[in-house]
Amino acid sequence: MLFEKAKVVRAAEKFLAQGKIPAAIKEYEQLVANDHDDLTALNMLGDLYTRVGNKKDAIACFLRIAEHYGAQDFNLKAIAMYKKIDRLQPRDPEIAEKLAHLYSVQGLIVDARAQYLIVAEAHSKAGESRKGLNVLRKIADLDPENTDIRIKLAEGYLSENLTSEAAAAFVVAGEHLLTKGAPDQAVEAYGRALAIDTKSHAILNGILGAHIARGTADEAAEILEQAVADSPGENYLFDLLARAHVAAEDAEGAERATTELVTRDPANYVRFVEVVHLYLKAGKLDPAVSVIARILEQMLAARQESLLLELVNEALARDPEHVAGLRLLVRILWWQRDLEKLRAALERLLEAAQGAQSVEDERYALTQLTRLAPDQQHYFERLRELGGASEESVGETSTDPQSGAEQVPTFESFSAGSESPSANFGSIDAGAPVEEFEWNSVAVESTPDPNASFADLETGWATADQASDTVTADASDGHFQEIDFETVVEQELPKSAPATETKSEPNRLAMFHQELESVDFYINQGYADIALDTLSLLEKQFGRHADIDIRRELLQSPPTPATTEAPGGQQISPDTKSPTADAPPATEPVTAAASPAVKKSAPDAKLDPGLAEIMEEFRAAAEAEEPEASEGDYETHYNLGLAYKDMYMQDEAVEEFQIAAGLVRPGDGTGRYLQCCNMLGHCFLEKKLPRLAVMWFRKGLDAPGHSEDEYQALRYELGAAYEEMGNLDQAIETFSEVYGVNVSYRGVAERLEQLQARKNGNQETPATVQDSY
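The structure reproduced in this document is the subject of the present report.

Procedures and definitions
- Residues numbered from 1 in each chain as written.
- Predicted model: local features only at pLDDT ≥ 70, side-chain atom pairs only at ≥ 80, totals over all residues.
- Heavy atoms only, no water.
- Salt bridge = Lys/Arg side-chain N within 4 Å of Asp/Glu carboxyl O.
- Helix = DSSP H or I, 4+ residues; strand = E, 2+ residues; numbered from the N terminus.
- Buried < 20%, exposed > 50% of the residue type's maximum accessible area, 1.4 Å probe, protein only.
- Expected span 1.5 Å × (residues − 1).
- Arc of directions from axis to C-beta.
- Contact = heavy atoms within 4.5 Å.
- Axes fitted to C-alpha atoms, helices over the stretch in contact; angles between N-to-C directions.
- Parallel < 35°, antiparallel > 145°, perpendicular 65-115°, else oblique.
- Nonpolar A, V, L, I, M, F, W, Y, C, P; charged D, E, K, R; others polar.
- Phe/Tyr/Trp six-rings, centres within 6.5 Å; stacked < 30°, edge-to-face > 60°.
- Polar contact = N/O pair within 3.5 Å; in protein donor to acceptor, adjacent residues only side chain to side chain.
- Left-handed = near helix turned anticlockwise from the far one by under 90°.

Below, the discussion takes up the pattern of salt bridges. Enumeration over the complete set of coordinates arrives at 37 salt bridges. For the salt bridge of arginine 318 with glutamate 314, the shortest nitrogen-to-oxygen distance reads 3.6 Å. Of this pair, arginine 318 and glutamate 314 both sit in helix 18 (residues 305-318), four residues apart, which is roughly one turn of that helix.

Time to look at the environment of proline 93. Assignment of secondary structure puts proline 93 in helix 6 (residues 93-105). Classification of proline 93 as partly exposed rests on a relative accessible area of 31%. Linking proline 93 and alanine 120, residues 27 residues apart in sequence, is a C-alpha distance of 8.3 Å.

Here the focus is helix 11 (residues 183-196). Along its 14 residues, helix 11 runs 20 Å from first to last C-alpha, staying within 8% of the 20 Å computed at 1.5 Å per residue. Inspection of helix 11 places Ala186, Val187, Ala189, Tyr190, Ala193 and Leu194 among the buried residues, and these make up the whole buried set. Considered in projection along helix 11, the buried side chains sweep an arc of 165 degrees and stay on one side of the axis. The exposed residues of helix 11 that point more than 90 degrees off its buried face are Glu188 and Ala195. The inward-facing, buried residues of helix 11 contact helix 10 (163-179), helix 12 (201-214) and helix 13 (217-230).

A few words now on the packing of helix 12 against helix 14 (residues 235-247). Two measures define how a pair of helices packs: the angle their axes make with one another and the distance between the axes. Axis separation between helix 12 and helix 14 bottoms out at 11 Å; the angle between their running directions is 5 degrees. Here helix 12 lies roughly parallel to helix 14, going by the angle between them. In contact with His201, Leu204, Asn205, Leu208 and Ile212 of helix 12, helix 14 contributes Tyr236, Leu237, Leu240, Arg243, Ala244 and Ala247. The residue makeup of the contact of helix 12 with helix 14, split by class, is eight nonpolar, two polar and one charged.

With that settled, the discussion passes to the packing of aromatic side chains. A complete count under the given rule lists five aromatic pairs for this structure. For the pair tyrosine 69 and phenylalanine 74, a centre-to-centre distance of 6.3 Å together with 65 degrees between the ring planes defines the contact as edge-to-face. For phenylalanine 74, a relative accessible area of 31% puts it in the partly exposed group. Where tyrosine 716 meets tyrosine 745, the ring centres are 5.9 Å apart and the plane angle is 65 degrees; that geometry is what we call edge-to-face. Taken together, the positions of tyrosine 716 in helix 34 (residues 708-724) and tyrosine 745 in the loop between helix 35 (728-741) and helix 36 (748-759) put the pair 29 residues apart, joining distant regions of the chain. Assigned by exposure class, tyrosine 716 and tyrosine 745 land together as buried.

With that out of the way, let us pick up helix 6. The end-to-end C-alpha separation of helix 6 is 18 Å, in line with the 18 Å expected for 13 residues at 1.5 Å each. Among the residues making up helix 6, those that are buried are Ile95, Ala96, Leu99, Ala100, Leu102 and Tyr103. Of the residues flanking the start of helix 6, the one acting as N-cap is aspartate 92, its side-chain oxygen 3.0 Å from the backbone nitrogen of glutamate 94. Immediately beyond the C-terminal end of helix 6, within one or two residues, lies glycine 107, with a positive phi of roughly 80 degrees.

Another aspect to go through is the environment of serine 536. Relative to the helices and strands, serine 536 resides in helix 27 (residues 528-542). Here the alpha-carbon distance between serine 536 and isoleucine 548, two residues twelve residues apart in the chain, equals 8.6 Å.

Let's shift gears to the packing of helix 10 against helix 12. In the contact formed by helix 10 and helix 12, the axes pass within 10 Å of each other and the chain directions differ by 30 degrees. The angle between the axes of helix 10 and helix 12 places the two elements in the roughly parallel class. Along this stretch, helix 10 crosses helix 12, giving a crossing that reads as left-handed. Contacts from Ala167, Val171 and Leu178 in helix 10 reach Ile203, Gly206, Gly209, Ala210 and Ala213 in helix 12. Here the residues of the contact of helix 10 with helix 12 sort into six nonpolar, two polar and no charged.

With respect to the secondary-structure elements, leucine 237 resides in helix 14. Linking leucine 237 and leucine 261, residues 24 residues apart in sequence, is a C-alpha distance of 8.8 Å. Apart from the residues lying within four places of it in its own chain, the contact partners of leucine 237 are Leu204, Ala227, Val228 and Ser231.

Backbone geometry places glutamate 249, a non-glycine residue, at a positive phi of 60 degrees. Judged by relative accessible area, which is 49%, glutamate 249 ranks as partly exposed. Phi at arginine 746 is positive, roughly 50 degrees, even though this residue is not glycine. By secondary structure assignment, the location of arginine 746 is in the loop between helix 35 and helix 36. For arginine 746, a relative accessible area of 22% puts it in the partly exposed group.

Structure (structure tokens):
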């Protein structure tokens, strides 16, 4: 049989108009069964199941929608659907975990933390302490800068004997403390980790960094010395130990540790450069030159002669006649084949050797000078006085390959076997014993329209996806729940709101609205006494507030028996147009008077005392260190408000838009505050609270720095709000302003005619609106 969707939709609407909910459910079940992608019908079906008390099937519908949105990365819509499930099945750990993840993705740390605490509490009740601690770790990950929470988590792991997890948590805390510039606390955190695991590279590396930052590297060296003694085969420990001695400016200790490191891994020979600098800084030239000599050949082979020259020249700057230093300079210049500089260095070496009465060094310098400058007879004469040329062997490289001149020795000849002092050049004895290395192989390193509605104007502010998802409310022809709050909300929110609730304190504002959400839940579940108690506590904490008065009035208002409620809380009489499947309303709270009895919750299972204590500490730490609002917070809350509005969850939408409005300010050069005012106005109209809608539309009109088109659109919405609340004079005055700017704007002329007719008690339309002006 061919499925006719349009026919089924019409039948469903007819049953809804007649208040025949079970019959409407059957029609929507057909729609869902034959069109799996019709999420609107599925959402309506879930609302209908809710109306008849079939929570299980309602949750299945909402869960299917939520999972679909989640798979498509429409996180805000997924959150909205999971919130609907949460209303039906409060504090369900599976739903809470899904919500927590989505909140964390959106950067809503406070909301994510609240949901994760629900999950952790469920694990605690089940005696699954380890799972509970893992959930607390996710809470700590939400706010890495909150090191207090991380340390409490580590302590929780310790209490459960989860030592490796505890050590890891202390390390993470230490890392963030270092980043925050708190080295003392970082040392303490790493110290607690070290007490758990004395061999962890991460812990030892962290404690070294913390001590260096604190200026107590010598203490880190003591710790690492003990670690080396406990694990002498760990090369990495010698690396850390050498770094510690360098940071502590202990040249001798740094040389010992570096010697061990290089003995095990010759590729680290360049680490001796740090040791040289330490000796030079301390004015100890002999050991500095000795260390340079140990690494000279390796550095030359690696083409690091420039660095070598810097080191040698720094040493000679402190003592220009240091003989061993000048021998190193000569060696480097031989390698570079810079004969002019080499001759000057040999002459300096000659003078220094004469001054030090070092005959062998003098003979060596003269021997090389006679070959480089054979025309200088005084070199030959002095050399004869000393007993002839040095016995050091010479190489095969000549100064001029084309001539028959005597050949100049190459640098290889300096380390050739000989009995002369120059034969052991590579290991110059500068007054301190030097351990010899065998260097076998060293690798060389490389190097808007005025006729559009206000919601239409917003499309320039939102993304294409947001604009397509946004449902614009029309105050003139929408169907709203007929609840009279006019006598309740006589004054505007800013006058009745507590002084501390300001834009500069978004977290306090968010806390207030989160508590209001709890009140809404209590009302929805029929817990009238709990809701009233909570409202009293809120009033004590935040002062008198219109939102509190509204909920008190709702709890005290009796239900209207003359009407039949359609799914979503819309009131339907026989002559009322039924809601369509394209616009399913959300389920409204059930009043306390409508509930036959207050439900009693089942007794909670006993919490694991250890984990419960940790969770309380987590809550306390979170309250003491709330995360600061960021630029991204506005977008997240505003977009979440759009998602809630699209799902006909007006209470949640109002809360998110109010939070978003608290994060920005009028006249900040953007349209963000005006966006919030507009959306809040529409939400309150849909909630049948036109006075609050008027308040927010007027706030938007008072905000400076916007275009005339934006103000014109907002005036029109304000006029509609006045009309909805029955204030015809204000409505006519406001629409007249719109008419005065643009007579053809959104049919304003016809609307004025209708309003004047209503005011005059005449249902016939006057001839023209112009006659009244």
